[in-house]
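# Summary of the model geometry
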Amino acid sequence: MSTGTREVAVVAVGACTPVGLTAAVTRAERAAGTPGFTRTEVRGEDGESVRAARLRLLEAWLSRTQRMAALGATALEDCLAAVKGRWADSRLPLVLVLPEDGLGAPWEETALREALEAEARPARLEWEEGPWRAGRAGLFAALAHARRVLREGRAPWVLVGGVDSLGDGLSLRRLVETGRCLSGGRGEGLIPGEGAGFLLLARAEEARRARLEVAGWVLAEAHGQEARHFRQEAPGRAEALTEVFRQLRWHPGVEGRRVDVVLSCQTGEGYWAREFGQAYLRNAELFPEPLVVREVAEGLGDVGAAAGALQVAQGLYLLRKQGGGRGLVYGDADGGVVGACVLEVAS
């Protein structure tokens, strides 16, 4: 768990999703309840077309790598549009959250990196290596790493983002074969999605010096590993998520105050609802009353590694709309990585 309060500012956001090619359009469409779902060419167990949240501008035959590269480049362009050329140093560290192994089709990291590097020019992306292949839960370790980069003075800016797609044909067929897709003949499952999101973070003093508008602050983040996770047969006990919420609850910048909004990176499947319910009851003082949880899957399906950044961007938007406050974003990966963060928008 990190320490500190308003030291990490979010100064730009970018997104590309099935409901919008920019963060501004995406957050407005999501707030309006616009769904991104469409019928695909892949058939489910019941013979019906599988539903997915797909960006319709991308041809259905594109591979997972091609879809991720297009989504990522578009979101990165959106994020950097307002600040390109404003840093004297052309170095731009990037902490990129990637898909979790074992879910969806194979993909090529080299092609994704090349697409993002081309979009970032004239800035030179410096890839921060680490355990970022954690899908829905990867953002929170990435935020902790970005905080260290800023605090140590290694760079005045850090990009944090995530890119994923389960909307390609091979991924869809694999999800059907493994019984993971929600279909007419199955009472529970996920709806595949895709998307990309980026956050440009800066030290507080750098944001002031550059006279940049601060969209909000990352007050704290925490992450952990669940021993009894989704992929195991033993019943989950939500111990890791409970501990993550506990750490945030007692963080010096959070202690004594409930958050105002809660956003989930999850798929809507029952396992995740039960896990959250246990962790919430053990840390009820952290959460708003009445409790409403906004799931990314409601309009975008399972966007995997993109979920964290997209939910942070949406959380900042919702907090601004209500005149300021605090929000909590949390996520869990199938393999047991969990994490959460607390955001703040000044009133």
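See the structure above.
Because the structure is a prediction, the values reported are computed rather than measured.

Conventions and cut-offs
Residues numbered from 1 in each chain as written. Predicted model: local features only at pLDDT ≥ 70, side-chain atom pairs only at ≥ 80, totals over all residues. Heavy atoms only, no water. Pairing = 2+ DSSP bridges. Helix = DSSP H or I, 4+ residues; strand = E, 2+ residues; numbered from the N terminus. Axes fitted to C-alpha atoms, helices over the stretch in contact; angles between N-to-C directions. Contact = heavy atoms within 4.5 Å. Parallel < 35°, antiparallel > 145°, perpendicular 65-115°, else oblique. Left-handed = near helix turned anticlockwise from the far one by under 90°. Nonpolar A, V, L, I, M, F, W, Y, C, P; charged D, E, K, R; others polar. Phe/Tyr/Trp six-rings, centres within 6.5 Å; stacked < 30°, edge-to-face > 60°. Buried < 20%, exposed > 50% of the residue type's maximum accessible area, 1.4 Å probe, protein only. Lys NZ or Arg CZ within 6 Å of the ring centre and 35° of its normal.

## Quick notes on the sheet that holds strand E1 (residues 8-16)
Pairing is mixed in the open sheet, where ten strands are placed in the order E5-E4-E6-E7-E1-E8-E12-E11-E9-E10. Of all the strands in the sheet, the pair left with one neighbour each is strand E5 (124-127) and strand E10 (293-295). Strand-to-strand twist of the sheet, defined as the mean angle between neighbouring strand axes without regard to direction, takes the value 30°. Along the sheet, helix H7 (residues 239-249) contacts strand E8 (216-225), strand E11 (325-332) and strand E12 (337-345); its crossing angle with E12, the most-contacted strand, is approximately 25°.

## Some words on the packing of H7 against helix H8 (residues 270-281)
Between H7 and H8, the least distance of the axes is 8 Å, while the angle of their chain directions is 40°. By the angle between their directions, the pair H7 and H8 is classed as oblique. Like other packed secondary-structure pairs, H7 and H8 cross with a definite hand, here right-handed. Contacts between H7 and H8 pair Leu 241, Thr 242 and Phe 245 from the former with Glu 275, Phe 276, Gln 278, Ala 279 and Tyr 280 from the latter. Tallied by class, residues from the contact of H7 with H8 come to five nonpolar, two polar and one charged.

## A closer look at the packing of aromatic side chains
Tallying each qualifying case throughout the model produces ten aromatic pairs. Judged by centre distance (5.0 Å) and plane angle (15°), the ring pair of Phe 276 and Tyr 330 falls under stacked. On the criterion of sequence distance, the pair formed by Phe 276 in helix H8 and Tyr 330 in strand E11 is long-range, its members being 54 residues apart. In terms of burial, Phe 276 and Tyr 330 fall into one category: buried. Directly above the aromatic system of Phe 37 lies the positively charged group of Arg 51, at a separation of 5.6 Å from the ring centroid.

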